[in-house]
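# An overview of the molecular structure
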Amino acid sequence: MTRLQLNGVLALTGLAAILAGLMAGSAPLSLADTLAGLIGAGPDGARLIVLEIRLPRVLAAFLTGAALGASGALLQGLLRNPLADPGVLGVSAMAALGAVIAIWFGLSALSAFAVPVMAIAFAGLAAAVLAGLAATRLSVVQLILAGVGLSSFAGALSALAMNLAPTPFTLSDLVNWLMGSVANRSFADLALAAPFWIAGAVIAVFALPGLRALTLGEETAASLGADITRTRLCAIIASALLTGGAVAVAGIIGFVGIVAPHLVRPLVRHDPGDLVLPSALAAGALLALADLALRLAPFPQELKLGVAAALVGAPAFIWIAARSRSIGR
Amino acid sequence: MSAGALIHASVTLGGRCVLEEVSLSVSPGELVALAGPNGAGKSTVLRALAGLAPLSAGEAQLGGTDVKTLSPTQRGRKAAWLAQERASAWSIRVKDLAALGRFAWSGAPYERLAEADRAIVDDALARAGAAALADRPLDALSGGEQARAHLARALAARAPLLAVDEPAAALDLRHQYEAMAVLRAEADLGRSVIAALHDLDAVMLWADRVIVLDQGRVAADAAPRAALNAELLAQVFGVRRRSAGGYEPV
């Protein structure tokens, strides 16, 4: 399968997942009504359900998944480790901390945009710290450890905020945020994340050839003529922008950034440069389908997407870790 | 003009002086062996030549130009470096590994290289004896096969300078011979080859010249038979030749 065919198949799968997400739900719609609703025609009820309720949510699931999948593939290539994901460098945890601060101090009551803006600002802060570290001659292991430290610190502060939550409502808001979900998202939420996602995607392109060279280790990659500093900066900044946008839209959703690249890797002949786009498409489709499954599941209370992702993703993570031969290199 | 040279080059790692005022050069058509006991600085010399080790003093030149003034791409075109540790994080195919040798010209995997680059990669695979392995993933190969795949990558650069760290390490006798024959052929094609070698018999057999390092300094720089005399063997390596063959401690 060529690169074009693979990306084509995955893109079509993603489109099918999105379409299924628009049709299915408590009020099932026919394909004709759904398509008519999409272009603003058809019966009023169907149009309202498709455009106002389901489309933002389905797109939020797909784009959040795509951003996390691309981010995971970038970090795995950079760190030469199949277990890296946006969580490893602490970007997700920092973004979530930003959201927690916005909720705790009541900023979210002042403006609906406080939570996303703070999430993206803190992801940017994490990126700035990591980019600063990456510009020095820090080894990959040191960089990972710095990320683990950052992640733990942000997690501790988030826990502290919950510990000292002023009201039960604040606590409930925080818990809701940290569990991760795309329920009730609007186009406004997506529009706020869009510039960060677009910038991240553009910057990521510049890291791709360098990731291929990094297969042979940093020193050999440098000897081949790869610009290691630039590759690191591009991969880290792109990953931070993509992850920051994703956390702003959906809170913390783990493991999709590990699982999607793992599934796709054999199909791109283990090429870390070719891995990023198919990982994004696969992760988008995965999350869109997962959210659809949650909407249809017969639970009295809807399962949170982040919780479901962790329930499936964590065992997959352990399985990948047990089978991996290149950890610690 | 030499393809690679160090001029009074010093390298300090973690406060320890690993190379001290080392001057050497490698000319086109020459296979130079780099010998010396463990920790003498052989690998550091190769890194410095490839522009990978920051110098605390002196200069490293590729094709007569200070490596510090070269862009990464220019550096990659002037020197190919094969590390002692031949690691690959991902199980890519042998021909994609060899294609990375063209990175300074094109960062694409094998299938998306320009035809001319692909022909160079095919040629490198053939010369390294890895043509039959081209479509196999790296983790399906034996240690010797992997070594040939990495050697093909270094040859695919067709760089004026080829710096190889322990080309024969972990290879059986036949593959040791073949690896050295490949380096000899590269030199005979007009490239400058410098290889760190532990096997002094291989140095005698294959090299035009040997540079002996001892504690970060050049102890000898001459034709192998002249350089590796009894006095130097005792002084630098702490051994003497046995009449029955091989070496024994003095």
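About the criteria used
Residues numbered from 1 in each chain as written. Chains lettered and ligands numbered in written order. Predicted model: local features only at pLDDT ≥ 70, side-chain atom pairs only at ≥ 80, totals over all residues. UniProt positions renumbered as here; feature names shortened; annotations may be inferred. Helix = DSSP H or I, 4+ residues; strand = E, 2+ residues; numbered from the N terminus. Rg over C-alpha atoms; globule rule 2.2 N^0.38 Å. Buried ≥ 20, exposed ≤ 12 C-beta atoms within 10 Å, placed from the backbone. Contact = placed C-beta atoms within 7 Å. Pairing = 2+ DSSP bridges. Axes fitted to C-alpha atoms, helices over the stretch in contact; angles between N-to-C directions. Parallel < 35°, antiparallel > 145°, perpendicular 65-115°, else oblique. Nonpolar A, V, L, I, M, F, W, Y, C, P; charged D, E, K, R; others polar. Expected span 1.5 Å × (residues − 1). Bend = angle between axes of the 7 residues up to and from the residue. Core = buried A, V, L, I, M, F, W, Y, C linked by C-beta atoms within 7 Å. pLDDT = per-residue confidence, 0-100.

The name given to chain B in an unreviewed UniProt entry is ABC transporter ATP-binding protein, and the organism recorded there is Alkalicaulis satelles. Heading Function (unreviewed entry) of the UniProt record for chain B holds this comment: "Part of the ABC transporter complex HmuTUV involved in hemin import. Responsible for energy coupling to the transport system."

Taking an unreviewed UniProt entry as the reference, chain A is identified by name as Iron ABC transporter permease belonging to Alkalicaulis satelles. In its Subcellular location (unreviewed entry) section, the UniProt entry covering chain A states "Cell membrane". Quoted verbatim from the Sequence similarities (unreviewed entry) heading of the UniProt record, the comment on chain A is "Belongs to the binding-protein-dependent transport system permease family. FecCD subfamily."

### A look at the overall build of chain A
A count of helices and strands for chain A gives 14 helices and 0 strands. Secondary structure elements of chain A, listed N to C terminal, follow the sequence α-α-α-α-α-α-α-α-α-α-α-α-α-α. Over its C-alpha atoms chain A spans a radius of gyration of 20 Å, differing by no more than 12% from the 20 Å that the globule rule assigns to 329 residues. Projecting the C-alpha coordinates of chain A onto the three principal axes gives extents of approximately 65 × 55 × 35 Å. Counting across all 329 residues of chain A, residues that qualify as buried make up 55%. Across chain A, every contact between residues at least 6 apart in sequence was considered, and the portion connecting residues at least 24 apart equals 77%.

### Focus on the overall build of chain B
Across its full length, chain B carries 9 helices and 12 strands. By the compact-globule yardstick of 18 Å for 250 residues, chain B fits well, its C-alpha radius of gyration being 18 Å. Taken along the three principal axes of its C-alpha coordinates, chain B extends 55 × 45 × 35 Å. For chain B, the proportion of contacts with a sequence separation of at least 24, taken over those separated by at least 6, is 63%.

### Points about unusual backbone geometry
Peptide bonds are mostly trans, and most non-glycine residues show a negative phi. Here Arg 269 of chain A, not a glycine, exhibits a phi torsion of approximately 55 degrees, which is positive. Of note, Gln 215 of chain B is a non-glycine position whose phi angle comes to about 50 degrees, a positive value. When you line up the elements, Gln 215 of chain B lands in the loop between strand E9 (209-214) and strand E10 (217-222). Judged by C-beta crowding, with 15 C-beta atoms within 10 Å, Gln 215 of chain B ranks as partly exposed.

### Structural notes on the UniProt feature "domain: ABC transporter" (unreviewed entry) in chain B
As recorded in UniProt, the sites labelled "domain: ABC transporter" (unreviewed entry) are residues 1-240 of chain B. Across residues 1-240 of chain B, helical content stands at 35% and strand content at 26%; the span's end C-alpha atoms are separated by 37 Å.

### Brief notes about the sheet that holds strand E6 (residues 79-82) of chain B
Residue and element names in this part refer to chain B. Spatial ordering of the open sheet is given by E6-E7-E8-E3-E9-E10, a layout of 6 strands whose pairing is mixed. Of all strands in the sheet, those bounded by a partner on one side alone are E6 and E10. Sheet twist, expressed as the average angle between the axes of neighbouring strands with direction ignored, equals 15 degrees. The pairing of E6 with strand E7 (residues 161-165) spans 4 bridges and is parallel. Counterpart to Ala 79 in the pairing with E7 is Leu 161. In this fold helix H5 (residues 143-156) packs onto E6 and E7, with an angle of close to 170 degrees to the strand it touches most, E6.

### Describing the packing of helix H3 (residues 44-79) of chain A against helix H12 (residues 256-264) of chain A
Residues and elements named next belong to chain A. At a minimum axis distance of 7 Å, the contact between H3 and H12 shows a crossing angle of 70 degrees. Taken together, the axes of H3 and H12 are roughly perpendicular relative to one another. In this structure, H3 uses Gly 65, Leu 68, Gly 69, Ser 71, Gly 72, Ala 73 and Gln 76 to contact H12, whose residues at the interface are Val 256, Gly 257, Ile 258, Ala 260 and Pro 261.

### Thoughts on the interface of chain B and chain A
Listed as interface residues are 22 residues of chain B and, on the opposing side, 22 residues of chain A. Looking at which element gives the most residues to the side of chain B that touches chain A, the answer is helix H2 (residues 72-78) of chain B, with 5 residues. Among the residues forming the side of chain B that touches chain A, the class breakdown is 13 nonpolar, 5 polar and 4 charged.

### Some words on the sheet that holds strand E5 (residues 65-66) of chain B
All names here are of chain B. Reading across the sheet, the 4 strands line up as E2-E1-E4-E5 and stay open at both edges, with antiparallel pairing between neighbours. Edge positions in the sheet fall to strand E2 (16-26) and E5, since each of these pairs with one other strand and no more. For strand E1 (residues 4-13) and strand E4 (residues 57-62), the ladder comprises 5 bridges, and the chain directions are antiparallel. Paired with Ser 10 across the two strands is Ala 57, which belongs to E4. On the sheet, helix H1 (residues 42-49) packs against E1, E2 and E4 and is oriented at approximately 120 degrees with respect to E1.

### Some remarks on helix H9 (residues 187-213) of chain A
End to end, H9 of chain A covers 39 Å across 27 residues, agreeing with the expected 39 Å (1.5 Å per residue, within 8%). By the largest-angle criterion, Ala 193 of chain A marks the main kink of H9 of chain A, which is about 35 degrees, and a proline, Pro 195 of chain A, follows within four residues.

### Here's the deal with the UniProt feature "transmembrane region" (unreviewed entry) in chain A
Residues and elements named next belong to chain A. Per the UniProt record, the feature "transmembrane region" (unreviewed entry) sits at residues 56-75, 87-107, 113-136, 143-166, 186-208, 233-263, 275-293 and 305-322. The span residues 275-293 shows a helical share of 95% and a strand share of 0%, and its end C-alpha atoms are spaced 26 Å apart. The straight-line gap between the two end C-alpha atoms of residues 305-322 is 26 Å; of that span, 100% is helix and 0% is strand.

### Quick look at the pairing of E9 of chain B
Residue and element names in this part refer to chain B. Of the strand pairs in this sheet, strand E3 (residues 31-35) and E9 are connected by 4 bridges, and their pairing is parallel. Looking at E9, one finds that Leu 34 is bridged to Ile 211. As defined by bridge partners, E9 adjoins E10 across 5 bridges and the pair is classed as antiparallel. In the sheet register, Val 212 faces E10, and the bridge partner there is Ala 220. With antiparallel pairing between neighbouring strands as the criterion, E9 and E10 make up a hairpin whose turn holds 2 residues, including Gln 215 at a positive phi of roughly 50 degrees.

### As for the nonpolar core
Nonpolar side chains in soluble globular proteins generally cluster together in the buried interior. Counting residues in hydrophobic clusters, the biggest one holds 200 residues, and the most contacted among them are Ala 123 of chain A together with Leu 34 and Leu 49 of chain B. By residue number, the principal contributor to this core is H3 of chain A, which donates 18 residues. Apart from the residues lying within four places of it in its own chain, the contact partners of Leu 34 of chain B are Lys 42, Val 45, Ile 194, Ala 195, Ala 196, Leu 197, Ile 211 and Leu 213 of chain B.

### Some remarks on the confidence of the model for chain B
With 100% of its residues at a pLDDT of 70 or more, chain B shows a mean pLDDT of 95. Scored by ipTM, the complex comes to 0.94, with pTM at 0.91.

### Quick look at the environment of Val 175 of chain A
Examined against the element boundaries, Val 175 of chain A turns out to sit in helix H8 (residues 168-179). Separated by 81 residues in the primary sequence, Val 175 of chain A and Met 94 of chain A have C-alpha atoms spaced 16 Å apart.

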